[in-house]
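Architecture at a glance
Residue strings, one per chain:
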Amino acid sequence: MKRMVKLIEIVGVTGILFSASTFAQQPTTQQSGEAQQRLLEGTANKDFRYAVPSKLTEGVGRQAFLVKKKFYSVSLRDSVNYTDNVFLLKDFRKSDFFHTVEFSLGASVTLLRDWTLSGRGTIRDFRYDSNPSLDFNSASYSATLNYNVKKWNFYTTVEHFDLYQRNFGAHFFQEEDITGGVYYSHPMGDRALIYAGGQYTRQFTHPDASSKNLPTFYLGLISIPVHELPKLRLTLSSSYSYADFIAGDRQDHRWTIGSEMTYEFFQWFTAGTGVNGGFGDSNQDAFDYEVFNATGFVKFNYQF
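What counts, and where the lines are drawn
Residues numbered from 1 in each chain as written. Predicted model: local features only at pLDDT ≥ 70, side-chain atom pairs only at ≥ 80, totals over all residues. Heavy atoms only, no water. Helix = DSSP H or I, 4+ residues; strand = E, 2+ residues; numbered from the N terminus. Buried < 20%, exposed > 50% of the residue type's maximum accessible area, 1.4 Å probe, protein only. Contact = heavy atoms within 4.5 Å. Phe/Tyr/Trp six-rings, centres within 6.5 Å; stacked < 30°, edge-to-face > 60°. Pairing = 2+ DSSP bridges. Core = buried A, V, L, I, M, F, W, Y, C linked by side-chain atoms within 4.5 Å. Salt bridge = Lys/Arg side-chain N within 4 Å of Asp/Glu carboxyl O. Patch = residues over 30% accessible without salt bridge, like charges linked within 9 Å, V, L, I, M, F, W, Y side chains within 5 Å. Areas by Shrake-Rupley, 256 points an atom, 1.4 Å probe, with all protein chains shown as cover.

1. Structural notes on the overall build of the protein
Counting its secondary structure elements, the protein contains three helices and 12 strands. Put simply, the protein has 304 residues, and 53% of those count as buried. Counted over contacts in the protein with a minimum sequence separation of 6, partners at least 24 positions apart contribute 60%.

2. Details of the packing of aromatic side chains
Enumeration according to the criterion identifies 19 aromatic pairs in this entry. Note on tyrosine 72 and phenylalanine 304: the rings are 5.4 Å apart at their centroids and 25 degrees apart in plane angle, and the pair reads as stacked. Highlighted residues: tyrosine 72 in strand β1 (residues 70-83) and phenylalanine 304 in the segment after β12 (289-303), separated in sequence by 232 residues. When its relative accessible area of 34% is taken as the criterion, tyrosine 72 is described as partly exposed.

3. Side note on the pairing of strand β2 (residues 96-112)
Two elements, β2 and strand β3 (residues 115-128), share 14 bridges in a ladder whose sense is antiparallel. By the bridge assignment, phenylalanine 98 is partnered in β3 with tyrosine 128. Counted along the chain from β2 to the antiparallel partner β3, the turn is two residues long.

4. Observations concerning the nonpolar core
Core analysis: the largest hydrophobic core is formed by 12 residues, namely Val86, Phe87, Leu89, Phe98, Phe126, Tyr128, Leu134, Phe136, Leu163, Phe172, Phe173 and Phe287. Breaking this core down by element, the ones donating at least two residues are β3 and β6 (171-188). Counting six residues, the second-largest nonpolar core is a separate cluster that includes Tyr155, Leu193, Tyr218 and Ile222.

5. Here's the deal with the pattern of salt bridges
Within the structure shown, the criterion is met by seven salt bridges. In this structure, glutamate 264 and arginine 233 form a salt bridge, with 3.9 Å as the shortest nitrogen-oxygen distance. Residue glutamate 264 is found in strand β10 (residues 251-266), and its partner arginine 233 is found in strand β9 (residues 232-245); the two are separated by 31 residues along the sequence. Neither glutamate 264 nor arginine 233 differs from the other in exposure class; each is buried. Here aspartate 252 makes a salt bridge to arginine 250, at a shortest N to O gap of 2.6 Å.

6. Thoughts on a nonpolar patch on the surface
A cluster of nonpolar side chains, Leu76, Phe103, Leu105, Ile123, Phe168, Phe265, Phe266, Trp268 and Phe300, forms an exposed patch at the surface whose accessible area comes to about 840 Å². Listing elements by their share of the nonpolar patch, those giving two or more residues are β2 and β10. Among the structural elements, phenylalanine 300 can be located in strand β12. Relative accessible area serves as the criterion here: at 36%, phenylalanine 300 is assigned to the partly exposed category.

7. Remarks on unusual backbone geometry
Where the residue is not glycine, phi is negative for most of them; where a peptide bond is considered, it is trans in most cases. Of note, the phi angle at asparagine 167 is positive, near 60 degrees, even though the residue is not glycine. Its identity is not glycine, yet phenylalanine 168 carries a phi of approximately 55 degrees, on the positive side. Judged by relative accessible area, which is 40%, phenylalanine 168 ranks as partly exposed.

8. Focus: the pairing of strand β7 (residues 192-206)
The sheet contact formed by β6 and β7 spans 15 bridges and is antiparallel. The partner of isoleucine 178 across the bridge, within β7, is arginine 202. Here β7 pairs with strand β8 (residues 212-223) via 12 bridges, running antiparallel. Each bridged residue has a counterpart across the sheet, and for isoleucine 194 the counterpart in β8 is leucine 221. Count of turn residues in the β7/β8 antiparallel hairpin: five residues.

9. Topic: the environment of valine 275
Of note, valine 275 is situated in strand β11 (residues 269-282). What makes valine 275 partly exposed here is its relative accessible area of 36%. As for valine 275 and asparagine 293, which are separated by 18 residues in sequence, their C-alpha atoms are 5.6 Å apart. Apart from residues lying up to four places away in sequence, valine 275 is in contact with Gly258, Ser259, Phe292, Asn293 and Ala294.

Function cannot be read off these values alone, since they describe shape.
Set out below in structure tokens:
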């Protein structure tokens, strides 16, 4: 059962929300490509429970709180990825392979029995095979407050993002997010865990053309598919979001669905592969899109 609860940490990898926005009118510009890709698979990946660590109390049906009063983590994730729509645009569709490296530091503290305060800092490097002009770096910082009531978890997060040209060159984009949400998790026997939730995010961006209200709903399933392979994990996830842009009258509907399989070779080393797809329907036809993504990755994670 303890291993089952540890799966909670994995869900966010495949629960990718394609918050596609346009930061320049010409999608061929470097700024547009970098920003679009950041939202495709960069710092916009929202793990709704990332503040909850893996060293948890037993019990699948309860979103566990910290075993220790304090908890720290250091992680490094290296992935090779493919997308068939780099810019997430309808009429300017280009495919590419890209390589990402992510380094993250996290800390959590139990305030009261069911309250957890967590912080995280992450830097990422994106390198593209056919479109090297899109290479960029990102840095993000966040703080999350979680409150647990049996199978329910309530959370609020404040996040800051910065995007830089390749090798942390010129700074070209900044975003602040304020998010509030709730999710419910429920065991299905002793082999699976289903979860569902919703959240509301207000995004403030600079330049501000992509500032928006972003309510999102998500549903997923975590399972251990084979009893003889308890370290093998399978995750299925889906989401719907509605993007209401502050500037102008643009409104987008976005759907995603994905799956991921991981194997924990050691407590500190995991490898996995996943696929996901999505499409967007905008009241401005130029921003409609369909996309397919695939990834293979290894992750080193030390917790203390």
